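The primary structure of each chain is shown beneath.
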Amino acid sequence: MNKREIGKSGIYASELGLGCMSIGTEEKQAETLLKTALDEGITYFDTADLYDFGVNEQLVGKTLHAVRDQVVIATKAGNRWTESKDSWTWDASKAYIKEAAKQSLKRLSVDYIDLYQLHGGTLEDPIDETIEAFEELKAEGLIRAYGISSIRPTVINEYVKRSNLSNVMMQYSILDRRPEVQALPILAENGVTVAARGPVAFGLLTSHWRDKLSKAAKKGLNWYSEPELESVLSTLEKNVPEGRTLNGLAFRYVLGHPAAATVVAGASSIEQLKENARAVREAALTEEEYKWIQDISKTADYDAHRL
């Protein structure tokens, strides 16, 4: 599987990353999924301290321990579970980020984290203090690079202007092209890459889209009405170029942007994981194919409360 550099970090990730939140908490199942990902050429593994109260990090670290120098481990911090563990609060303070990193290192059983990310972010955060935490962790050798996981253009712009972040994780797909207008241009200009999550848009950009249409339309694609979504997906499906598939178009479209480093997709079964890997291996889109997809789909603005 092809690899791309994350920002200007010198760290190279497979074009397909595994979103580890989907691997579950049963150790054998998680191990099987992670090892299958390795067999498919996946080297980028995305987790977070929030997932399953840290158990996700433990499973990822345990399984990948034997191949530590061959993989890129990305994790996140900023969300703090309450004592009752029935909700969480937001904390982007320097003290918390540095402590959270040390706890993630322990759960992962590693000496360093390849890509450490702020798991969200607002303009009300102590941004300079948060950046200090990341820079100090990097100077201490505990992380190799840092970034944020956010869809807020204003927050992304602040980090691009004020820090040396390498990567931004954000939702991006053929059906969610909001980043193309308000986020991706500034990242590409500044050598910051994107790890795109949600490339198949809740399963809509697969052959099973009809089964998912009514539910997916309610999950955040509110710039499309259900009839509009059906029209776009029908047109895409009927006109998939020879030798391509609908989910292959979805992955290759996202990877076609100059800022894209990797697409991060979850997989709860071996079959799903292998299908994602197959789709990513389809050839890069031609300029004509890229334009055709853009003509069929549409962009949208971020909701005001997301800015």
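Structure: see above.
Here's what I pulled together on the structure shown here. (Residues numbered from 1 in each chain as written. Predicted model: local features only at pLDDT ≥ 70, side-chain atom pairs only at ≥ 80, totals over all residues. Heavy atoms only, no water.)

1. Section: the layout of surface pockets
Remark: the empty space left among the atoms is shown by a probe the size of a water molecule rolled over them. Our working rule: We place a 1 Å grid over just the protein atoms. Points where a 1.4 Å probe fits but has no way out form a cavity, open points with protein on both sides within 12 Å along at least 5 of 7 lines form a pocket, and any residue with an atom within 4 Å of a point lines it. Grid points are joined across faces, edges and corners, and a volume is the space filled by probe spheres set on the points. The numbering of helices and of strands both runs from the N terminus, where a helix is a DSSP run of H or I of at least 4 residues and a strand a run of E of at least 2. Just so you know the grouping, Ala, Val, Leu, Ile, Met, Phe, Trp, Tyr, Cys and Pro go in nonpolar, Asp, Glu, Lys and Arg go in charged, and all remaining residues, Gly too, go in polar.
There is about 1000 Å³ of room inside the largest pocket. Contributing to the lining of the largest pocket are 40 residues, with G198, V200, V264, A265 and G266 lying nearest its centre. Put simply, the parts of the chain that give the lining of the largest pocket at least two residues each are β10 (167–171), α10 (246–255), β12 (260–266) and α11 (270–280). For the lining of the largest pocket, a count of residues per class yields 16 nonpolar, 18 polar and six charged.

2. As for the packing of α10 against α11
Quick note on the threshold: The axes are straight lines fitted to the C-alpha atoms, using for helices just the contacting stretch, and the angles between their N-to-C directions are given from 0 to 180°. Any angle from 65 to 115 degrees is called roughly perpendicular, while one under 35 is roughly parallel, one over 145 is roughly antiparallel, and all others are oblique. In this scheme, a crossing is called left-handed if the near helix is turned counterclockwise away from the far one by less than a right angle; it is called right-handed if the turn is clockwise. Contact between two residues is taken to exist if any of their heavy atoms lie within 4.5 Å; hydrogens are not considered.
Where α10 contacts α11, the two axes come as close as 8 Å, and the packing angle between them is 60°. Classified by the interaxial angle, the pair formed by α10 and α11 is oblique. The way α10 lies across α11 gives a crossing that is right-handed. Two secondary-structure elements touch here, α10 through N247, G248, F251, R252 and L255 and α11 through E275, N276, R278, A279 and V280. The class makeup of the residues in the contact of α10 with α11 is four nonpolar, three polar and three charged.

3. Thoughts on helix α2 (residues 55–64)
Selection criterion: Throughout this description, buried means an accessible area under 20% of the type-specific maximum (1.4 Å probe, protein chains only), exposed means over 50%, and partly exposed covers the range between.
Burial analysis of α2 places seven of its 10 residues in the buried class, which makes it a mostly covered element. Of the surrounding secondary structure, the elements contacted by the buried residues of α2 are α1 (27–39), β4 (44–46), β5 (72–77) and α3 (94–108).

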